[in-house]
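# Coordinates in review
One-letter residues, chain by chain:
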Amino acid sequence: MKFFIDTADLAQIKEANDLGILDGVTTNPSLMAKVGISGEAAVTKHYIDICNIVDGDISAEVVSTDFDGIIAEGKKLAALHKNIVVKVPMIKEGVKAIKWFTDNGIRTNCTLIFSAGQAILAAKAGATYISPFIGRIDDTGWDGIELIHQIRQIYSIQGFKSEILAASIRNPNHIIKCAEAGADVCTCPLESILGLLKHPLTDIGLAKFLEDAKKFA
Ligand code: E4P
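Residues numbered from 1 in each chain as written. Predicted model: local features only at pLDDT ≥ 70, side-chain atom pairs only at ≥ 80, totals over all residues. Heavy atoms only, no water.

### A few points about helix H9 (residues 172–181)
Within H9, the full set of buried residues consists of His 174, Ile 175, Cys 178 and Ala 181. Across the axial projection of H9, the buried residues extend over an arc of 130 degrees, all falling on one side. For H9, the elements touching its buried residues are strand S1 (2–6), helix H7 (134–139), helix H8 (144–158), strand S7 (163–166), strand S8 (185–188) and helix H10 (190–195). Here H9 starts with a cap whose side-chain oxygen sits 3.1 Å from the backbone nitrogen of Asn 173, and that cap is Asn 171. Gly 182 occupies a position one or two residues after H9 and carries a positive phi of about 90 degrees. (Buried < 20%, exposed > 50% of the residue type's maximum accessible area, 1.4 Å probe, protein only. Helix = DSSP H or I, 4+ residues; strand = E, 2+ residues; numbered from the N terminus. Arc of directions from axis to C-beta. Contact = heavy atoms within 4.5 Å. Polar contact = N/O pair within 3.5 Å; in protein donor to acceptor, adjacent residues only side chain to side chain.)

Structure follows, in structure tokens:
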């Protein structure tokens, strides 16, 4: 399973990249706003800054909702860097645009996936990645991980090639469950990635080893 970081915060992106386990980055307009980036020029510069930190796929989201607008925006984004993947919402115009991008060699990430039916449509259109939002599904009382299982099964039976990019991750256990369910990618906040490191027995064990090591110093 590939690890992406789900943030527009350059310091966090650098920290995750320095771990040596980072395969890419996802952003969205809310994450950009959170770090104070707004306006086309600033957003464009920020994508280039991210591409200069991480050698992996970087999702850049369009904000148009009509076919022509999505195509124009996506072409501009894709031209910024070879690693840019155009993030397109799961709407009718978005599906049409994903098919156009697929036919024209531009890679896509279909975002805002909340059902198996949406995942089938995005795969039919040729999306490189599809992003089911696990945490937001859990927030509504449904089971986000169950959706990953269902999409994995459908894609395996049908031979769909889109990569399942589990998004809206809220905690380290989500990452483990996504790996079990066969997600191809998990995009996570830094604290969920770092949360995987932690176990109290590791801390207790290390303290004891270091204490005993002093006896032989
Ligand atoms: C990533 O592609 C998504 O935009 C993101 O994971 C959404 O996460 P949230 O539900 O925490 O906003």
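### So, the site of the ligand
With respect to spatial proximity, the complete set of residues near the ligand consists of Asp 6, Thr 26, Asn 28, Lys 87, Phe 133, Arg 136, Ala 167, Ser 168 and Arg 170. A distance of 2.7 Å is found between an oxygen atom of the ligand and a side-chain nitrogen or oxygen belonging to Lys 87. Note that an oxygen atom of the ligand is positioned 2.7 Å from one of the side-chain N or O atoms of Arg 136. Here the ligand has 340 Å² of accessible area as a free molecule, and 83% of this is covered by the chains. (Near = heavy atom within 4 Å. Areas by Shrake-Rupley, 256 points an atom, 1.4 Å probe, with all protein chains shown as cover.)

### A word on the pattern of salt bridges
Going through the model one piece at a time under the given rule, you end up with twelve salt bridges. Taking the shortest distance from any N to any O, the salt bridge between Asp 212 and Lys 208 comes out at 2.9 Å. Separated by four residues within a single helix, Asp 212 and Lys 208 lie in helix H11 (residues 200–215), roughly one turn from each other. Using a relative accessible area of 42% as the deciding quantity, one classes Lys 208 as partly exposed. The network of salt bridges with common partners includes Lys 208, Asp 212 and Lys 215. (Salt bridge = Lys/Arg side-chain N within 4 Å of Asp/Glu carboxyl O.)

### Notes on helix H5 (residues 92–103)
In this model, H5 (twelve residues) spans 17 Å end to end at C-alpha, consistent with the 16 Å of a helix rising 1.5 Å per residue. Along H5, the positions that sit buried rather than exposed are Gly 94, Val 95, Ala 97, Ile 98 and Phe 101. Taken around the axis of H5, the buried residues stretch over an arc of 165 degrees, which confines them to a single face. Set apart from the buried face of H5 by more than 90 degrees, the exposed residues are Lys 92 and Asp 103. The secondary structure elements touched by the buried residues of H5 are helix H4 (67–80), strand S4 (84–89), strand S5 (108–113) and helix H6 (116–124). Where H5 ends, the next residue or the one after it, Gly 105, has phi of about 75 degrees, a positive value. (Expected span 1.5 Å × (residues − 1).)

### Side note on the pairing of S7
As judged from the two bridges shared by strand S6 (residues 129–132) and S7, these two strands associate in the parallel manner. Within S7, the residue paired with Tyr 129 across the bridge is Glu 163. Sheet topology places S7 next to S8; two bridges connect them, and they run parallel. Pairing of Ala 166 across the sheet is with Cys 186, part of S8. As a crossover connection, the stretch from S7 through H9 into S8 is right-handed. (Pairing = 2+ DSSP bridges. Right-handed = clockwise from strand over helix to strand, strands pointing away.)

In short, shape yes, function no, at least from these values alone.
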